[in-house]
Amino acid sequence: MINIKSDINEYFTQHFTELNMSEKEILNTEFDGCTFEACDFSEATFSRCKFTDCRFIKCNLSVVNVGYSKFTDVTFEDSKVIGVDWTKGHWPGFALGSPIEFRRCAINASSFYNMSLKDIVIEECIAHDVDFREADLNNSDFSYTDLSNSSFANTNLTRANFYEATNYTIDVKHNVIKEAKFCRMEALRLLESLGIELLD
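Below you will find a few notes about this structure. All residue numbers refer to positions counted from 1 along the written sequence of the respective chain. Where local features are concerned, this predicted model is filtered to residues with pLDDT of at least 70; where side-chain atom pairs are given and counted, the filter is 80 or more; whole-chain, interface and lining totals use all residues. Where side-chain values are given, they derive from all heavy atoms of the structure, hydrogens and water being excluded.

1. Some details on the sheet that holds strand 11 (residues 100–103)
For two strands to be treated as a pair, DSSP must find no fewer than two bridges joining them. Every helix listed is a DSSP run of H or I at least four residues long, and every strand listed is a run of E at least two residues long, numbered separately from the N terminus. Sheet architecture is open: six strands sit in the order 2-5-8-10-11-12, paired in parallel fashion. Strands at the two margins of the open sheet, each flanked by one partner only, are strand 2 (15–17) and strand 12 (121–123). Adjacent strand axes in the sheet meet at a mean angle of 10° when their direction is disregarded. The sheet contact formed by strand 5 (residues 35–37) and strand 8 (residues 55–57) spans three bridges and is parallel. When the bridges of strand 8 are listed, Glu37 appears paired with Ile57. Axis angles are defined between N-to-C directions and span 0 to 180 degrees, where every axis is a line fitted to C-alpha atoms and, for a helix, only to the segment in contact.

Here's what the structure looks like:
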């Protein structure tokens, strides 16, 4: 099993399995093309790290601190990524595609406040109490995601995909939803913000 060591600051195409880094700090380390599988990073700190083309599979990253770390083409799959303030990371102004994707993850109580994450994928996730206010989520994908109590305000949801997404509350007067896709029955929730009463 490969470990993350304090005296090594670069890892390329490594496969890390069942690491226990809970509450540990990883400082100034670069990971390129790496895979993390069944690792525990709960309450860990990534301080000024760089993750490029990496995958986290069945990992626990709950309440991880992403302190000024950079993420590029990073995918989280079947993982627990709860309570993460993504605004604390380092996000360059120009990026092609979304720097992060979530597939079949729990991302409850996380914050993407005022972030530019065009093309972000949050697919088949549990995303309760997530803060998406003021964010640019142009062309994002929320398909099959449960968005209970998540916040959208002044959010750019142009061309966003909400196919089979559930439990979202989006005020059409205070968000941009041009060309966004919604399932017919769930889309009725959008009318709540207009004070419209639907009759059978």
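2. Describing the environment of Arg104
Here Arg104 shows up in the loop between strand 11 and strand 12. Accessible area is worked out with a 1.4 Å probe on protein chains only. A residue is then buried under 20% of its type maximum, exposed over 50%, and partly exposed in between. Look at Arg104 and you get partly exposed, because its relative accessible area is 36%. With 51 residues separating them along the chain, Arg104 and Thr155 place their C-alpha atoms 23 Å apart. Here, two residues are considered to be in contact whenever any of their heavy atoms come within 4.5 Å of each other. In contact with Arg104, other than residues within four places in its own chain, are Glu77, Asp78, Ser79, Glu123, Glu124 and Cys125. Two N or O atoms count as a polar contact when they lie within 3.5 Å, although within protein this holds only if one can serve as hydrogen donor and the other as acceptor, and sequence-adjacent residues are included solely when both atoms are side-chain atoms. Here Asp78 takes part through its side chain, which lies 2.9 Å from a polar atom of the side chain of Arg104.

3. Focus on the sheet that holds strand 9 (residues 70–72)
The four strands lie next to each other as 1-4-7-9, forming an open sheet whose pairing is parallel. On the outer flanks of this sheet lie strand 1 (10–12) and strand 9, each paired with one strand and no other. Going from strand to strand, the sheet's axes swing by 5° on average, the running direction of each strand aside. Direction of pairing for strand 4 (residues 30–32) relative to strand 7 (residues 50–52): parallel, over a ladder of three bridges. The residue of strand 7 that forms the bridge with Phe31 is Phe51.

4. With respect to the environment of Ile2
With respect to the helices and strands, the residue Ile2 is situated in the segment before strand 1. Taking the relative accessible area as the measure of exposure, Ile2 reaches 31% and is therefore partly exposed. When sequence neighbours within four positions are dropped, the list of residues in contact with Ile2 reads Gln14, His15, Phe16 and Leu19.

5. A word on the side chain of Ser148
Mapped onto the elements of the fold, Ser148 is located in the loop between strand 12 and strand 13 (161–162). Owing to a relative accessible area of 15%, Ser148 belongs among the buried residues under this scheme. A polar atom in the side chain of Ser148 sits 2.7 Å from the side chain of Asp146. Reaching out from Ser148, the side chain makes a polar contact with the side chain of Asn167 at a distance of 3.4 Å. Once you skip the residues sitting within four places of it in the chain, Ser148 turns out to touch Ala127, His128, Asp129, Thr166 and Asn167.

6. Examining the packing of aromatic side chains
Remark: the centre distance and the inter-plane angle together describe each pair of aromatic rings, the angle taken between the planes. Each Phe, Tyr or Trp ring (for Trp, its six-membered ring) is paired with any other whose centre lies within 6.5 Å, and the angle between the two planes then decides the class: stacked below 30 degrees, edge-to-face above 60, tilted in between. One pass over the structure, following the stated rule, counts 33 aromatic pairs. Look at Phe142 and Phe162: their rings are 4.9 Å apart centre to centre, the planes differ by 15°, and that puts the pair in the stacked class. Pair noted here: Phe142 is in the loop between strand 12 and strand 13 and Phe162 is in strand 13, with a separation of 20 residues, a long-range link. Owing to a relative accessible area of 0%, Phe142 belongs among the buried residues under this scheme. Overall, Phe162 belongs to the buried group, its relative accessible area being 0%.

7. Thoughts on the nonpolar core
Only buried Ala, Val, Leu, Ile, Met, Phe, Trp, Tyr and Cys residues count toward a nonpolar core, and they belong to the same one when joined by side-chain atoms within 4.5 Å. Within the largest apolar cluster, 53 residues are counted, with the highest numbers of intra-cluster contacts made by Phe36, Phe41, Trp86, Phe102 and Phe112. Every element with two or more residues in this core is listed here: strand 10 (74–77) and strand 11. Excluding residues that lie within four positions of it along the chain, Phe112 makes contacts with Trp86, Thr87, Ile100, Phe102, Ile107, Leu117, Ile120, Val130, Asp131, Phe132, Arg133 and Ala135.

8. Regarding the pairing of strand 11
Residues of strand 11 alternate between two faces, with Ile100 and Phe102 buried on one and Glu101 and Arg103 left unburied on the opposite face. Here four bridges tie strand 10 to strand 11, and the two strands are oriented parallel to one another. Note on strand 11: the bridge partner recorded for Val74 is Ile100. With three bridges joining them, strand 11 and strand 12 adopt parallel strand pairing.

Just distances and angles here, no functional claims.
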